[in-house]
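What the coordinates show
Single-letter residue listing:
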Amino acid sequence: MYICDNVNVNEKGNLTFAGQDTLELAAKYGTPLYIMDEEKIRFNCNIYKNAFKKYFGDNALPLFASKAASFKRLYEIMKDEKMGIDVVSSGEIYTALKAGFSLENAYFHSNNKTDKDIEFAIENKIGYFVVDNIEELKRINYEAEKQGITQKVLLRITPGIDPHTFEAISTGKVDSKFGSAIETGQAEKITEEALKMSFVDLSGFHCHIGSQIFETEPFYKAVAVMLDFIGSIKTKLGFTAKQLNLGGGYGVRYTENDPVFDIDGSIKNVAQFIKEKSAEIGIEVPKILMEPGRSIVGNAGMTLYTAGTVKIIPGFKSYVSIDGGMTDNPRYALYKSAYTVINASKADKTADFNCSVVGRCCESGDIIQENIMLPQTGRGDIIAVLTTGAYNYSMASNYNRIGKPPVVMLNKGANYIAVKGETLEDIVRNDI
Ligand code: LLP
C-alpha cells in the first residue's frame, strides 16, 4: 500500500513503521522525532554485499557513504555488517573512531581537505584518501613523509557524465567542483604526479556521477570512460590500477512517482559490462568499490511531527504547521524534494484536505511539502514524513536555535535512542 514495505497501518488506523505504532513512539519520545528501521539498514547493506559477492567475487567492497547519516550507532552497524565507509570530514572520521570502526576500509573524500584534516586522518590511520587535486596530493605526500608512512590514495576523476538528476546533486560533469577531469588533461597529469611521489601509493581511481539515479545507463557510461582511462594510463605510464571506485548514486522512492528499482539487477549488469570492457581493453578487472548512501539509509528513516496551527485562508490555501521543519529536513527548501506525508493519527481516513505542510521557522521557505492531500487534520495529530533516513539528520541545523531531534532506532519490536535530542542547555553549550 505504501512506498516501502516497512510502512503500514494497524487496526487502530495508526501508521506503523517497522511494525511499531508511530503514535506510541511519538508519545514515548516526543516530537519531532527521527525513527530508523535497523533491520532495513542491514537489509540494504546486504543487497550490496550479496550482489558484490555474486557478481564480482571477493575482490569488491561496498562502502557506506556516511554523509547520508552519520552518528556512532550507524558506524557500529557498518562495522558489524563488514561494510567499508566513505567519510568527508574530521568530524565523520572522529565519529567512526568513537564507534570503534577501524579506518582500514575508510575512504576520505572532499574537494577541500584542510591541512588539519589531512594530518588528523593520517594520524588516525585512514585507509585511503580519495584525492581531489594536485595541490591536495602534494600536501598528503608532505604529511605522510612527516609522519613517516606511505599513504594509499585513489584519485577522483571527473568522467564528464551527466546522469539526468538535478543539478545540485550531479557531480560528474567536467565543470564540477570535484575531481580532475579527463577531458582537460588534468586527470592524466595528477596520475603522473602521484606516481612520482615517494610517500603516496596510488591504488586506483574514483568517480561519482550523481545521486538519486534510477538507471543503469549512466553507470555504463562512467565505467566505459573510467576503464578507457585506466587502459590509456597503463599504456602511457605503465601503471595498472588495482581499484576502481564507482561512487554512490542509486535512488530511493520518496513518492509513488519514483520507480521500484532493482539494485541487485543493476549491479549484475554493471559487473557484466565491467568484465567485458576490461577484457576488450586488455586489463585485469580491478577491485570494485561503490559508495551507496541514500540507498542504504533512505527508506530506513521516517520523521514524526505534531501538527500545531492549521490555517485555512479561504479562497487561497491551507497550511498545516508542524513542530519541526527545515531545521530537521532542509531538502524541500534546498531542492524542492518530493516526499510522502501522512497523517499518522488518521492513516485509514480519506485524504481530502489540500494543504501545505510547513515548519516553524521564521522563514516562508520553511516548507516540508506543498499542495498535498491529507485527511482533515487538526492540532495534536501526528504527521509522518516518509523516507527521511538519508540527508535529513546529517543536514539538520540549529536555525532559530531549534534543537536537533533525537534519533530512535527500531529493531525487532524494540526501540532505543541512538542520538539524544538537543536540550535548551545543549543550544547554549558553546556560548561564552
Ligand atoms: N560518494 C560520493 C563521492 C558522493 O559525493 C556521494 C554523495 C555519495 C558517494 C553517496 O551518494 P548516494 O548514494 O547517497 O546518492 N544532500 C543531497 C545529496 C548530496 C549527495 C552528495 N554526495 C540530497 O539531500 O539529496
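Residues numbered from 1 in each chain as written. Predicted model: local features only at pLDDT ≥ 70, side-chain atom pairs only at ≥ 80, totals over all residues. Heavy atoms only, no water.

Considering the site of the ligand
Let me state the cut-off plainly: Residues are classed as near a molecule or strand on a simple rule: at least one heavy atom within 4 Å of it. A 3.5 Å cut-off defines polar contacts: any pair of N or O atoms within that distance qualifies, except that in protein one atom must be a possible hydrogen donor and the other a possible acceptor, and neighbouring residues in sequence count only when both atoms are side-chain atoms. Each accessible area value is a Shrake-Rupley result obtained with a 1.4 Å probe; residue values ignore everything except the protein chains displayed when judging cover. Residues are grouped as follows: Ala, Val, Leu, Ile, Met, Phe, Trp, Tyr, Cys and Pro are nonpolar; Asp, Glu, Lys and Arg are charged; all remaining types, including Gly, are polar. Here the bounds of each domain stem from an automatic or database domain assignment.
Neighbouring residues of the ligand: 19 residues in total, closest Ser211, Glu291, Arg294, Arg331 and Tyr391. For the ligand, an oxygen atom lies 2.9 Å from a polar atom in the backbone of Gly249. For the ligand, an oxygen atom lies 2.7 Å from a polar atom in the side chain of Tyr391. The protein chains hide 92% of the 590 Å² of surface that the ligand would expose on its own. The residue makeup of the shell around the ligand, split by class, is six nonpolar, seven polar and six charged. A domain-level breakdown of the shell around the ligand finds at least three residues from each of domain 1 (7–37 + 299–427) and domain 2 (109–292).

Remarks on the nonpolar core
In a soluble, globular protein the nonpolar side chains are often hidden away together inside. Put simply, the rule is: Residues belong to one nonpolar core when they are buried, are Ala, Val, Leu, Ile, Met, Phe, Trp, Tyr or Cys, and are joined through side-chain atoms within 4.5 Å. Summary of the burial criterion: residues with accessible area below 20% of their type's maximum are buried, those above 50% are exposed, and those between are partly exposed, where the area comes from a 1.4 Å probe applied to protein chains only. We count a stretch as a helix when DSSP gives it H or I for four or more residues in a row; a strand needs E for two or more, and each element gets its number in order from the N terminus. We call two residues in contact when some of their heavy atoms are within 4.5 Å.
Judged by nonpolar contacts, the single largest core of 81 residues is most densely connected at Ile41, Met78, Phe129, Phe205, Ile267 and Val297. With eight residues, the single largest contributor to this core is helix H8 (residues 217–237). Apart from residues lying up to four places away in sequence, Phe129 is in contact with Phe108, Lys113, Ile118, Ala121, Ile122, Ile140, Gln151, Lys152, Val153 and Leu154. Counting residues in each nonpolar core, the second largest holds 20 residues, with Ile3, Tyr29, Met302 and Ala344 among its members.

Regarding H8
The condition is simple: Under the convention used throughout, the expected extent of a helix is 1.5 Å for every residue step, that is, one less than its residue count.
For H8, with 21 residues, the first-to-last C-alpha span of 30 Å sits near the 30 Å given by 1.5 Å per residue. All buried positions along H8 are accounted for by Pro218, Phe219, Ala222, Val223, Ala224, Met226, Leu227, Phe229, Ile230, Gly231 and Ile233. Gly238 lies just past H8 and shows a positive phi near 70°.

Re the environment of Phe64
As for its position among the elements, Phe64 is in strand E5 (residues 60–65). Taking the C-alpha atoms as reference points, Phe64 and Thr31, 33 residues apart in sequence, are found 28 Å from one another. When sequence neighbours within four positions are dropped, the list of residues in contact with Phe64 reads Ala69, Leu74, Met78, Met83, Gly84, Ile85, Asp86, Pro292, Gly293, Ile296 and Val297.

Some details on the sheet that holds strand E2 (residues 15–17)
We apply this condition: In this scheme, strands are said to pair when DSSP sees at least two bridges between them.
Taken in spatial order, the three strands make up an open sheet running E1-E2-E3, and their pairing is antiparallel. Every other strand in the sheet has two partners, leaving strand E1 (7–9) and strand E3 (20–21) as the edge strands with one partner each. As paired elements, E1 and E2 share three bridges and run antiparallel to each other. Looking at the pairing, Asn8 lines up with Thr16 of E2.

Considering the pattern of salt bridges
How we decide: Whenever Lys or Arg places a side-chain nitrogen within 4 Å of a carboxyl oxygen from Asp or Glu, that contact is recorded as a salt bridge.
Scanning the entire structure with this criterion turns up 25 salt bridges. One continuous salt-bridge network, built from bridges that share partners, spans Glu38, Arg42, Lys49, Arg73, Glu76, Asp80 and Glu81.

What about the packing of aromatic side chains?
We apply this condition: Only rings of Phe, Tyr and Trp enter the pairing, Trp through its six-membered ring, and a pair is recorded when the two centres are within 6.5 Å. The plane angle decides the type: under 30 degrees is stacked, over 60 is edge-to-face, the rest tilted.
Counted under the stated rule, the structure contains 13 aromatic pairs. Judged by centre distance (5.4 Å) and plane angle (35°), the rings of Tyr250 and Phe261 are tilted. With a gap of 11 residues between them, Tyr250 in the loop between strand E12 (243–245) and helix H9 (263–281) and Phe261 in the loop between E12 and H9 connect regions that are remote in the sequence. With relative accessibility at 3%, the residue Tyr250 sits in the buried group.

Observations regarding the domain arrangement of the chain
How big an interface is tends to be stated in terms of accessible area lost as the parts join. The cut-off we apply is this: Buried area is a sum: the accessible area each of two parts loses on coming together, probed at 1.4 Å, counted once for each and added.
The domain architecture assigned to the chain consists of domain 1 (7–37 + 299–427) and domain 2 (109–292). Distance between the C-alpha centres of domain 1 and domain 2: 36 Å. With six residues of domain 1 at the contact, the number on the domain 2 side is six residues. The junction of domain 1 with domain 2 conceals about 660 Å² of combined surface from both sides, 60% of it contributed by carbon and sulfur atoms. Taken together, domain 1 and domain 2 are joined by zero salt bridges. For the pair domain 1 and domain 2, the number of links is two residue pairs in polar contact (both at pLDDT 80 or more). Residue composition of the side of domain 1 that touches domain 2, grouped by class: three nonpolar, two polar and one charged.

Remarks on unusual backbone geometry
It is generally the case that most residues other than glycine have a negative phi and that most peptide bonds are trans. Along the chain, Thr31 connects to Pro32 via a cis peptide bond; the corresponding omega equals -10°. A positive phi is found at Asn400, a non-glycine position, where the angle reads about 60°. As for its placement among the helices and strands, Asn400 is situated in the loop between strand E19 (382–386) and strand E20 (407–411). For Asn400, a relative accessible area of 36% puts it in the partly exposed group.

Notes on the environment of Ser70
Structurally, Ser70 is set in the loop between E5 and helix H3 (72–80). Exposure remark for Ser70: the relative accessible area of 18% places this residue in the buried category. Considered as a pair, Ser70 and Val385 are 315 residues apart in the sequence and their alpha carbons are 20 Å apart. Excluding residues that lie within four positions of it along the chain, Ser70 makes contacts with Tyr75, Glu92, Thr95, Tyr393 and Ser394. Of the polar contacts made by the side chain of Ser70, one reaches the side chain of Tyr75; its length is 2.7 Å.

Some words on the pairing of strand E4 (residues 33–37)
Counting buried positions over the five residues of E4 gives five, a clear majority of the element. Strand direction decides the pairing type here: E4 and strand E14 (residues 301–312), joined by four bridges, are antiparallel. Considered in E14, the bridge of Leu33 is made with Leu304. Here E4 pairs with E20 via four bridges, running parallel. In the strand pairing of E20, Met36 is matched with Met409.

Digging into the confidence of the model for the chain
Put simply, the test is: Known as pLDDT, the predictor's confidence for each residue is given on a scale from 0 to 100.
Chain-level statistics for the chain give a pLDDT mean of 96 and a share of 97% at 70 or above. Considering each helix and strand of the chain separately, the mean pLDDT is smallest for strand E10 (residues 180–181), with a value of 94, and largest for E4, with 99.

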